[in-house]
Amino acid sequence: MNRVLLICAMLACAALSAAPAYAVRPDEMLRDPALEARAREVGKELRCLVCRNQSVDDSDADLAHDLRVLVRERIAAGDTNAEALQYIRARYGDYVLLRPPFQADTLLLWGGPALLLLAAAIAALLFYRGRRVAPVPKPLSAEEQRRLRLLLDGGTEPRATKLRGTER
Amino acid sequence: MTARRWPYLVPVAVFALMAAAFYGGLGIDATVLPSALIDEPAPQFDLPPLPGHEHGFTTEDLKGHVSLVNTFASWCAPCRAEHPVLNALAQRKRVPIYGIDYKDKEEAASAWLGELGDPYDRIGADSGRVGIDWGVYGVPETFVIDRAGRIRYKHVGPLSQQDVDRTILPLVAKLER
């Protein structure tokens, strides 16, 4: 039992201490920790166009390095985070943003989940409404009532009125 | 009963739409990104010449005529594949070709041009910053610039003879009209 606890504790320590593996090199970093922190925020938002599914902060590609340096230059020159992002976006387009902006050509992207939910709700509504209008059985006719009463009373049906059955 | 049958066609219709969309998507090369700079003025830059060349390459060189701007590097294998196409195009003297030597060693670039031939009217040596201003994310890339110095078209990857004949030259002719 103690051994299991120990292993769990060790795994927990490993998980907690695993910092994300940034590709940011020490020589790129800004002296001012506040500015460097802002540069990291911007870098996380920027797609590395060489490896595509990494941010420039995570990528070792040459272009990612150049973009990190450029972002730090813009921020050191007094750009806000949004201005630094816009500077890169003006050159590489919306694709360079890892978080797609909400605009006319991304309406389907952002609205898609809501649309699917709506479609599912409509489908469910139609399905259950269709069920409720299932035909109600017609009341028994006078002849059927008479036969039912006869059967329930334990009597036997006269042969002549028997609808189905075999002669024995 | 027949009136109740149409809901069963909905999945068929959805499938048909998705199949059409995916079939259309097969023709899209996801590695090629559209340029954000189409119809924008070419960026301002002033690149130094390679050793042994008289002129560098600046924004001013683009004014007043239709031209091509090709980014290349001696370390880039697809550029080597593209080079004969550029040489052939330069021999026709149809349109000036300007080169941006992207993140390259100057001696290596000079040696490369000495070995393979130099199709460029002007070459500027770029440490990478001008490439970013052009939205370059890999070499080779080729831009078509109009008379006003605006970027009108971007080709990503090596140009083939077919690209030149079917896309680049017709566009150059159209822009010159």
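Residues numbered from 1 in each chain as written. Chains lettered and ligands numbered in written order. Predicted model: local features only at pLDDT ≥ 70, side-chain atom pairs only at ≥ 80, totals over all residues.

Novice: Quick question: what am I supposed to make of the overall build of chain A here?
Specialist: When you go through chain A residue by residue, the secondary structure sums to six helices and zero strands. The burial tally for chain A puts 16% of its 168 residues in the buried class. (Helix = DSSP H or I, 4+ residues; strand = E, 2+ residues; numbered from the N terminus. Buried ≥ 20, exposed ≤ 12 C-beta atoms within 10 Å, placed from the backbone.)

Novice: How should the overall build of chain B be read in this particular structure?
Specialist: Check the secondary structure of chain B and you find five helices and seven strands. Counting from the amino terminus, chain B carries its helices and strands in the arrangement α-β-β-β-α-β-α-β-α-β-β-α. Here the C-alpha radius of gyration of chain B, 21 Å, is well above what a compact globule of 177 residues would show, namely 16 Å. The principal-axis extent of the C-alpha atoms belonging to chain B is close to 85 × 35 × 30 Å. (Rg over C-alpha atoms; globule rule 2.2 N^0.38 Å.)

Novice: Looking at this model, I keep getting lost on the interface of chain A and chain B. Mind explaining?
Specialist: You'll often see interface size given as the accessible area lost when the parts meet. Across the boundary between the two partners, chain A contributes 11 residues, which contact 10 residues of chain B. At the level of elements, helix H3 (62–76) and helix H4 (81–92) of chain A are the ones that each hand at least two residues to the side of chain A that touches chain B. Considering every element that reaches the side of chain A that touches chain B, the biggest residue donor is H3(A), with four residues. In terms of residue class, the side of chain A that touches chain B is built from seven nonpolar, one polar and three charged. (Contact = placed C-beta atoms within 7 Å. Nonpolar A, V, L, I, M, F, W, Y, C, P; charged D, E, K, R; others polar.)

Novice: Looking at this structure, I do not really get helix H2 (residues 77–91) of chain B. What am I missing?
Specialist: One turn of the α-helix equals 3.6 residues, which is why residues spaced by three or four share an orientation. All names here are of chain B. Here H2 is 15 residues long and its end C-alpha atoms lie 23 Å apart, about the 21 Å a rise of 1.5 Å per residue gives. At His 83, H2 shows its maximal bend, which comes to roughly 35°, and the proline Pro 84 appears one to four places after that position. Every buried residue of H2 is listed here: Cys 79, Glu 82, His 83, Val 85, Leu 86 and Leu 89. Contact partners of the buried residues in H2: strand S3 (67–72), strand S4 (97–102), helix H3 (106–116) and helix H5 (161–176). (Expected span 1.5 Å × (residues − 1). Bend = angle between axes of the 7 residues up to and from the residue.)

Novice: Would you explain H3(A) in this entry?
Specialist: Taking 1.5 Å per residue as the helical rise, H3(A) with its 15 residues ought to reach 21 Å, and the 21 Å between its terminal C-alpha atoms agrees with that figure. Packing partners of the buried residues in H3(A) comprise helix H2 (33–45) and H4 of chain A together with helix H4 (129–133) of chain B. One or two positions beyond H3(A), positive phi appears at Gly78(A), with a value near 105°.

Novice: Would you take a moment to explain the packing of H3(A) against H4(A) for this structure?
Specialist: The geometry of a pair of packed helices is captured by two quantities: the angle between their axes and the separation between those axes. Residues and elements named next belong to chain A. Direction vectors running N to C along H3 and H4 enclose 135°, while the axes themselves pass 9 Å from each other. Classified by the angle between their axes, H3 and H4 sit oblique to one another. With respect to the hand of their crossing, H3 and H4 are arranged in right-handed fashion. Across the interface between the two elements, Leu 67, Val 71, Arg 74 and Ile 75 from H3 touch Glu 83, Ala 84, Tyr 87 and Ile 88 from H4. Residue composition of the contact of H3 with H4, by class: six nonpolar, no polar and two charged. (Axes fitted to C-alpha atoms, helices over the stretch in contact; angles between N-to-C directions. Parallel < 35°, antiparallel > 145°, perpendicular 65-115°, else oblique. Left-handed = near helix turned anticlockwise from the far one by under 90°.)

Novice: Please explain the confidence of the model for chain A as it appears in this structure.
Specialist: The predicted coordinates ought not to be read in detail in places where the model reports low pLDDT. Averaged over every residue, the pLDDT of chain A is 86; residues scoring 70 or more account for 85%. Mean pLDDT in chain A bottoms out at helix H1 (residues 2–17) of chain A, which sits at 73, and peaks at H4(A), which reaches 96. (pLDDT = per-residue confidence, 0-100.)

Novice: Whenever I open this one, the pairing of S3(B) confuses me. Can you help?
Specialist: For a regular strand, side-chain orientation follows a simple rule: the groups alternate between the two sheet faces. All names here are of chain B. In terms of burial, S3 is largely enclosed, as six of its six residues are buried. Both faces of S3 are covered, namely the face carrying Ser 67, Val 69 and Thr 71 and the face carrying Leu 68, Asn 70 and Phe 72. Bridge analysis of S3 against S4 gives five bridges, and the strand direction is parallel. Opposite Asn 70, over in S4, you have Gly 99 as the bridge partner. In this region the chain leaves S3, passes through H2 and returns to the parallel neighbour S4; the handedness of that crossover is right-handed. (Pairing = 2+ DSSP bridges. Right-handed = clockwise from strand over helix to strand, strands pointing away.)

Novice: Just checking my understanding: could you explain unusual backbone geometry for this structure?
Specialist: Residue Pro140(B) is reached from Val139(B) by a cis peptide bond, and omega for that bond is -5°. Backbone geometry places Arg52(A), a non-glycine residue, at a positive phi of 70°. Secondary-structure assignment places Arg52(A) in the loop between H2 and H3. The backbone of Asp39(B) sits at a positive phi, close to 70°, despite the residue not being glycine. Residue placement: Asp39(B) occurs in the loop between helix H1 (9–26) and strand S1 (46–47). Exposure remark for Asp39(B): the 10 C-beta atoms within 10 Å place this residue in the exposed category.

Novice: I would appreciate a short explanation of the sheet that holds strand S6 (residues 141–145) of chain B in the present structure.
Specialist: Whenever strands of a sheet pair, they do so through backbone hydrogen bonds, lying parallel or antiparallel. Residue and element names in this part refer to chain B. Pairing within the open sheet is mixed, and its five strands lie in the order S5-S4-S3-S6-S7. For this open sheet the edge positions go to strand S5 (122–126) and strand S7 (151–156), each flanked by a neighbour on one side alone. Strand-to-strand twist across the sheet, computed as the mean angle between neighbouring axes with direction ignored, equals 20°. Across five bridges, the pairing between S4 and S5 is parallel. Along S5, the bridge assignment pairs Asp 101 with Ala 125. The strands touched by H5 are S3, S6 and S7; relative to S7, the strand with the most contacts, the crossing angle is about 170°.

Novice: What is the right way to read the nonpolar core from this model?
Specialist: The biggest cluster of nonpolar side chains holds 57 residues, and the ones touching the most others in it are Leu67(A), Val71(A), Leu68(B), Ile97(B) and Ile145(B). In terms of residue count, H3(A) provides more of this core than any other element does, six residues in total. Excluding residues within four positions of it along the chain, Ile145(B) makes contact with Ala42(B), Leu62(B), Val66(B), Ser67(B), Val69(B), Arg150(B), Ile151(B) and Arg152(B). (Core = buried A, V, L, I, M, F, W, Y, C linked by C-beta atoms within 7 Å.)

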